[in-house]
Amino acid sequence: MMDQQELRELENRCIQEHAPFCTAACPIHVDVRGMIAAIQQGDFVGGLKILRKTMPFPGIISHICNQPCQLVCKRSEAGDAIAIADLEKACVIWGKGGEPIKALPPKPKRVAVVGGGLSGLTVAYDLARKGYRITIFEEKNILGGKLWDIPFEILPWSVTVNDLEILEELEVEILLNTPLGKVESNGRQDPLAFLCKRYDAVYLGIGADIHEIHGLLLDAQGQIKIDPVTYMTNKEGVFAGGGILNIHDLDIYAPQDISQSEMPPDKQALIEFEKQISSAVSQPPWRPAILSVMDGRRAATSIDRRLQKVSLTAARSNEGAYTTRLYTSMQGITPLPVVPTTDLIRGYSKADAIKEAQRCILCECMECVKVCEYLEHFKGYPKKYIREIYNNLSIVMGTRYSNKLVNSCSLCGLCGEICPEDLDMGRVCKEARQTMVQQKRMPPSAHDFALRDMAFSNSNKFALARNQPGTQSSQYAFFPGCQLCASSPDYVYNIYEYLREQIPHTRTQEVGLILRCCGAPADWAGRLDLFQAAQVEFMDEYERMGQPKLVLACSSCYQVFKNNFPDVEIISLWEIIDQFGLPNDLPRKSNQSNTPLAIHDPCSTRYESHIQESARNILQRLGYAFIELPLNREKTECCSYGGLMWLANPELAEKVTRRRISESPEDYVTYCAMCRDFFVRQGKPTLHLLDLIYGANPQSLAHKPGPGYSQRHENRIHLKRKILKQIWEEDMENGITYENIRLIITPEVQNQLENRLILIEDIQQVIDYAERSGKKLLNKKTNRFLAYHKPGAVTYWVEYTPEGNSYVVYKAYSHRMEIREGSNQ
Amino acid sequence: MSEYISSDDLDTWECAACGTSLVIGKVMISYLGSAYPVDLLKCPSCGLVLIPEELAMGKMLEVEKSLEDK
Ligand code: SF4
Ligand code: SF4
Ligand code: SF4
């Protein structure tokens, strides 16, 4: 059962929502992927809008950023890293004309920014947009500080001028020629004390001049000491950053420690670029632009929080550059070199920018979604789904949108195998089903048909557990499973014969037979009650037979026993045949073709490589050539029978089956009755391993559709009858009266019944009831009867006419809503 | 759901047990704790009702599904 904490833990395991490599390495976390996705669509305006969400002065920064993002760009594993700053630049140039930048409604609080360098400008910009009243004190006659020292070929002056205009638009008060010492004209007062009195917060973004400030603690290097998280100095309400911080903070932007000699050339180029800028810049040492912006951003966040009176320290762990947990596969990505810029000043043309953007992988995980039709179908990914499932399980009233989501998964486990974080959605869905059942919120129709099928298989009509005649206990017991008995009853009879004759066993302990359902449908449906009840019944019989080793023909049964009956010894039929040889005197095969078969491993053998191996050995021994499917063995896919997907979501199940059968043009061979029948139903010629063993002309069987639902019941009954008669020389007791009702049904009507999941026995019950009680309606125009009956949860309607001692059935339908008895008015 | 009765139906159907023609009447149908009155054809003497195929496989199925997700 799932608890809240466990679901949270599982949800957090999915890394799909983690930042791409570039964004995590960016000190201000620019949404590079979002911006590039917009450029890929030719939408530069949209690209700039995204850029502006995190970047205060895109013109300036895109020209001088040393791009720590590039150092970790995933693209560099297949060609050059993406020219991220050049693409930013392209957005600035080609994306003009978007919406103007807006500020929130004005707030009464005032903030002083001392120093008009990048960090101070960022504080001013961020806080002005939040509605605060900002005053910048700048000692020179122009804003920008050291930006003006940068060679003009790298940062054209016009770019700086353009970008800084925004501050005026945001109504920031700018006091030029105002060094800190002069803010209080008589010079006697402590300038910082003066600012603190007049303003609600102060930011110090000055390089020098710190000696004029009294009362601030300095560190060993003589720099202002700040809290590394909040950027607050020892004085309440006074924050500092930018050039006053140590240059040794440079290592912040190289997430992995790489010594310069090991650096790939593009990384060395970055360092060169940085040197070029910093050597041009006067003392004190230049702090890389993007770090100054980060300082301003983080200090602004602190100031905003302080003025809003909320915690300065809560939830700030991912500020600055960090290493993302995201996984992105590079499979199938062809190496491509960077698109060169042709215009030195302007950078990329629109077309070249789009071309360069197209090289971006748009890093994300989605590994599981790529291989699972179900995950794709609901248009999300596990993190999102688990959140929805969690909400679904916790709401009291309202529509539960993810019932279908929970019930549609095939529980095949492929995602868990693929996921770099080992997250298995199948486990989540299965446990969510158990919780839904427990909360009495499982839609009654979701699994009912399969659960009734299971009840049928464990009723007298099919269930049987016997030692071989003349013995008191069994060394082995053949457990073919309900579905192989329904699909291919003759093979079951043959195998039982084979096992009795060919596997070595003692005289007194031979090979028994157990016919019943292992309980997988209840397990998949989350019905622990039914599952446990079946478990108890099984154990009784198993003990009575002397605890035989089970020979299992179905790998779903194999999983049920393996996971729930640790003391019951099991072995798969395929291992047995591999070990003890093919049955003697097999029919002579006609026209064995030379084209290979593609082998499909049932998803329930995912981690049973010994079974997969045996199946391949048997194929070889039979003389068949075979090829592997791209997803095989531990990466095999479900046919859509698993987890009752086929019942809960037939449209999706069909897509799942179609996907699997389109993976190779060859005919398939498999060793699960349901996989075979599901594939053939969608038109894929598929053989069961037993077709190859026992079929006289196997190729002709590849197209033969499996039996319909009613026939599956019939087959089980007949198998039991035949086995009882031939092996134990007993007659099966006669069925219930309605089973003797003879029906005449055209193939069209039969088809309708299959689609509506209505069985022959349901129809027999309606007619039996109507004929005995007389409760039926007569259509005077057609002279047909229409009758209804509700033997369980479902009401069945049948239109019919008697004909001799049979009944012609014209149509049947059903509903779950109940007709209230006695609602006569 | 009353649009499921056509005037045609009125003279088509009779109750085989009672030999009477069906008439329109209110019938309660319910599912998972919710009950709805529906106009259906039914036998005036024994109460046997007629739920046409279109109603069962259409509107009723829809209502069943939405109640199951509530
Ligand atoms: S494989 Fe799927 S579940 Fe695992 S992290 Fe990636 S998206 Fe999430
Ligand atoms: S490929 Fe694109 S999304 Fe991935 S790290 Fe590079 S720029 Fe970022
Ligand atoms: S169908 Fe299989 S691969 Fe897809 S989510 Fe379910 S268990 Fe995972």
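Residues numbered from 1 in each chain as written. Chains lettered and ligands numbered in written order. Predicted model: local features only at pLDDT ≥ 70, side-chain atom pairs only at ≥ 80, totals over all residues. Heavy atoms only, no water.

1. Considering the overall build of chain B
When helices and strands are counted, chain B shows two helices and four strands. Helices (α) and strands (β) of chain B occur, in sequence order from the N terminus, as α-β-β-β-β-α. Taken along the three principal axes of its C-alpha coordinates, chain B extends 40 × 20 × 15 Å. In chain B, which comprises 70 residues, the proportion classed as buried is 44%. Put simply, of all contacts in chain B between residues at least 6 apart along the chain, 40% involve residues at least 24 apart. Of the charged side chains in chain B, 5 are positive and 12 negative, and the gap between their average positions amounts to 10 Å. (Helix = DSSP H or I, 4+ residues; strand = E, 2+ residues; numbered from the N terminus. Buried < 20%, exposed > 50% of the residue type's maximum accessible area, 1.4 Å probe, protein only. Contact = heavy atoms within 4.5 Å. Lys, Arg positive; Asp, Glu negative; His and termini not counted. Charge placed at Lys NZ, Arg CZ, Asp CG, Glu CD.)

2. Structural notes on the overall build of chain A
If you tally the helices and strands in chain A, you get 35 helices and 20 strands. For a compact globule of 825 residues, the expected C-alpha radius of gyration is about 28 Å, and chain A comes in at 37 Å, more than 25% above that figure. Its C-alpha atoms put chain A at 120 × 75 × 50 Å along the principal axes. Taking all 825 residues of chain A together, 57% fall into the buried category. Restricting to contacts in chain A with at least 6 residues of sequence separation, those with at least 24 account for 71%. Counting only carbon and sulfur atoms, one obtains 50% of the accessible surface of chain A, whose full area is about 35,900 Å². (Rg over C-alpha atoms; globule rule 2.2 N^0.38 Å. Areas by Shrake-Rupley, 256 points an atom, 1.4 Å probe, with all protein chains shown as cover.)

3. A look at the interface of chain A and chain B
Contacts between the two partners involve 33 residues from chain A and, on the opposite side, 37 residues from chain B. Here chain A packs against chain B, burying approximately 3,400 Å² in sum over the two surfaces, 56% of which is carbon and sulfur. Looking only at chain A, the three residues that lose the most surface to chain B are A:Leu777, A:Lys780 and A:Met817, adding up to 21% of its buried area. Between chain A and chain B we count two salt bridges in total. Salt-bridge contacts for B:Glu53 lead to A:Lys811; the nearest nitrogen and oxygen are separated by 2.9 Å. One can count 18 residue pairs in polar contact (both at pLDDT 80 or more) joining chain A with chain B. In terms of residue count, the dominant contributor to the side of chain A that touches chain B is strand β19 (residues 806-815) of chain A (four residues). Relative to strand β1 (residues 13-15) of chain B, strand β16 (residues 777-779) of chain A runs antiparallel, the two sharing three bridges. The residue of β1(B) that forms the bridge with A:Leu778 is B:Glu14. (Buried area = accessible area lost by both parts, 1.4 Å probe. Salt bridge = Lys/Arg side-chain N within 4 Å of Asp/Glu carboxyl O. Polar contact = N/O pair within 3.5 Å; in protein donor to acceptor, adjacent residues only side chain to side chain. Pairing = 2+ DSSP bridges.)

4. Remarks on the site of ligand 1
Contacts to ligand 1 come from A:Cys14, A:Ile15, A:Gln16, A:Cys365, A:Met366, A:Glu367, A:Cys368, A:Pro382, A:Cys419, A:Pro420 and A:Leu423. Class assignment of the residues belonging to the shell around ligand 1 gives a composition of nine nonpolar, one polar and one charged. (Near = heavy atom within 4 Å. Nonpolar A, V, L, I, M, F, W, Y, C, P; charged D, E, K, R; others polar.)

5. Some details on the confidence of the model for chain A
Here chain A shows a mean pLDDT of 91. Residues at 70 or above account for 92%. Between residues 247-265 of chain A, whose pLDDT stays under 50, and residues either more than four places distant or in other chains, the model counts 31 contacts. (pLDDT = per-residue confidence, 0-100.)

6. Looking at the side chain of A:His63
Examined against the element boundaries, A:His63 turns out to sit in helix α5 (residues 58-64). Of note is the side chain of A:His63, whose polar atom sits 2.7 Å from the backbone oxygen of A:Gly59.

7. As for the sheet that holds strand β17 (residues 784-789) of chain A
Across the sheet, which stays open at both edges, the six strands sit in the order β15(A)-β19(A)-β18(A)-β17(A)-β16(A)-β1(B) with mixed pairing between neighbours. With one partner strand each, in any of the chains shown, β15 (742-744) of chain A together with β1 of chain B form the two edges of the open sheet. With strand direction ignored, the average angle separating the axes of adjacent strands in the sheet is 40°. Strand direction decides the pairing type here: strand β18 (residues 795-803) of chain A and β19(A), joined by nine bridges, are antiparallel. Among the inter-strand pairings, A:Tyr796 is bridged to a residue of β19(A), identified as A:Ser814. (Axes fitted to C-alpha atoms, helices over the stretch in contact; angles between N-to-C directions.)

8. Points about the confidence of the model for chain B
All names here are of chain B. Of the residues in chain B, 94% have a pLDDT of 70 or more, and the chain-wide mean is 88. Between the elements of chain B, mean pLDDT differs from a low of 75, seen in helix α1 (residues 7-10), to a high of 95, seen in strand β4 (residues 49-50). For this predicted complex, the interface score ipTM comes out at 0.96, alongside a pTM of 0.88.

9. Describing the nonpolar core
With 132 residues, the main nonpolar core has A:Tyr374, A:Met425, A:Leu499, A:Leu550 and A:Phe561 as its most contacted residues. Counting residues in each nonpolar core, the second largest holds 91 residues, with A:Met35, A:Val114, A:Ile213 and A:Tyr348 among its members. (Core = buried A, V, L, I, M, F, W, Y, C linked by side-chain atoms within 4.5 Å.)

10. A look at the pairing of strand β11 (residues 597-600) of chain A
Residue and element names in this part refer to chain A. Burial of the side chains of β11 extends over both faces: Leu-597 and Ile-599 are buried on one face and Ala-598 and His-600 on the other. In this structure, β11 lies alongside strand β12 (residues 626-628), joined through three bridges in parallel fashion. When the bridges of β12 are listed, Leu-597 appears paired with Phe-626. Each parallel crossover has a hand, and the one from β11 via helix α27 (residues 609-622) to β12 is right-handed. (Right-handed = clockwise from strand over helix to strand, strands pointing away.)

11. Thoughts on the packing of helix α3 (residues 32-40) of chain A against helix α7 (residues 84-94) of chain A
Residue and element names in this part refer to chain A. Where α3 contacts α7, the two axes come as close as 11 Å, and the packing angle between them is 55°. The angle between α3 and α7 places the two elements in the oblique class. In this structure, α3 meets α7 at a crossing whose hand is left-handed. Every residue of α7 that contacts α3 at Val-32, Met-35, Ile-36 and Ile-39 is listed here: Ile-84, Leu-87, Glu-88 and Cys-91. In terms of residue class, the contact of α3 with α7 is made up of seven nonpolar, no polar and one charged. (Parallel < 35°, antiparallel > 145°, perpendicular 65-115°, else oblique. Left-handed = near helix turned anticlockwise from the far one by under 90°.)

12. Brief notes about the environment of A:Cys482
All names here are of chain A. Considering the arrangement of structural elements, one finds Cys-482 in helix α21 (residues 482-487). Separated by 93 residues in sequence, Cys-482 and Ile-389 have C-alpha atoms that sit 32 Å apart. Here Cys-482 is in contact with Ser-457, Phe-462, Arg-516, Cys-517 and Arg-716, once residues within four sequence places are set aside.

13. What to know about the site of ligand 3
Residue and element names in this part refer to chain A. What surrounds ligand 3 is the set Cys-372, Tyr-374, Leu-375, Cys-409, Ser-410, Leu-411, Cys-412, Gly-413, Leu-414, Cys-415, Met-425 and Gly-426. Elements with a minimum of two residues in the shell around ligand 3: α15 (373-377), α18 (414-418) and α19 (425-438). Per-class residue counts for the shell around ligand 3 are nine nonpolar, three polar and no charged.

14. Details of the sheet that holds strand β8 (residues 509-515) of chain A
Residues and elements named next belong to chain A. What the five strands build is an open sheet, ordered β6-β8-β7-β9-β10; its pairing is mixed. Bordering the open sheet on either side are β6 (464-466) and β10 (570-572), each of which pairs with just one other strand. In this sheet, neighbouring strand axes are inclined to one another by 20° on average, regardless of whether the strands run parallel or antiparallel. Its contacts with the sheet put helix α22 (residues 489-502) on β7 (473-479), β8 and β9 (549-552), and the angle it makes with β8 is roughly 165°. With respect to the sheet, helix α33 (residues 709-728) is in contact with β6 and β8, its orientation differing from that of β6 by roughly 20°.

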